[in-house]
Amino acid sequence: MPMQVTVQLPDDIAKQLGDTANIPRAFLEALAAEGYRAHKLSRHQVSQLLDLDYWKTDEFLTQHEAKRPYTLADLQVDRQSLAGLPEK
């Protein structure tokens, strides 16, 4: 069962944020972007959370500057994956 979260904002802050109908989505997007940056959510989880396909998720993460750095560990995993592919 999905968790529901309620946030109370002072009226003046809610008004300053603009269209109150978009505030829940903005909170969800902020949670997804920060969760991904902090390595608490995977790309797939971000996709599920925001109901986006692979390419829209990539676009979302790029727009929110939530790209993870490509690490040495990533390179090692990629090299192992490539080593397992059949040669042409």
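See the structure printed just above.
Residues numbered from 1 in each chain as written. Predicted model: local features only at pLDDT ≥ 70, side-chain atom pairs only at ≥ 80, totals over all residues. Heavy atoms only, no water.

Trainee: Sorry if this is basic, but what is going on with the layout of surface pockets here?
Mentor: The method is simple in principle: a probe with the dimensions of a water molecule rolls over the atoms, and the space it marks as empty is what remains. Of the voids in this model, the largest pocket is the one considered here, and its volume is about 390 Å³. Its residues assigned to classes, the lining of the largest pocket comprises ten nonpolar, two polar and no charged. (1 Å grid on protein atoms, 1.4 Å probe; cavity = no way out; pocket = protein on both sides within 12 Å on 5 of 7 lines; lining within 4 Å. Points joined across faces, edges and corners; volume = space filled by probe spheres on them. Nonpolar A, V, L, I, M, F, W, Y, C, P; charged D, E, K, R; others polar.)

Trainee: Hey, could you run me through the environment of Thr57 in this one?
Mentor: Summarising the element assignment, Thr57 is placed in helix 4 (residues 54-63). The class for Thr57 is buried, based on a relative accessible area of 1%. In this structure Thr57 touches Arg43, Val46, Ser47 and Leu52, once residues within four positions along its chain are discounted. (Helix = DSSP H or I, 4+ residues; strand = E, 2+ residues; numbered from the N terminus. Buried < 20%, exposed > 50% of the residue type's maximum accessible area, 1.4 Å probe, protein only. Contact = heavy atoms within 4.5 Å.)

Trainee: Can you walk me through the nonpolar core in this structure?
Mentor: Generally speaking, soluble globular proteins have nonpolar side chains that are buried together. Of all hydrophobic cores here, the largest spans eight residues; its members are Ala32, Ala33, Tyr36, Val46, Leu50, Phe60, Leu61 and Ala66. Going through the elements one at a time, helix 2 (23-37), helix 3 (43-50) and helix 4 are the ones with two or more residues in this core. At three residues, helix 2 tops the list of elements feeding residues into this core. Beyond its immediate chain neighbours, meaning those up to four positions away, Val46 contacts Ala32, Tyr36, Leu41, Thr57, Phe60 and Leu61. (Core = buried A, V, L, I, M, F, W, Y, C linked by side-chain atoms within 4.5 Å.)

That is the geometry; function is a separate question.
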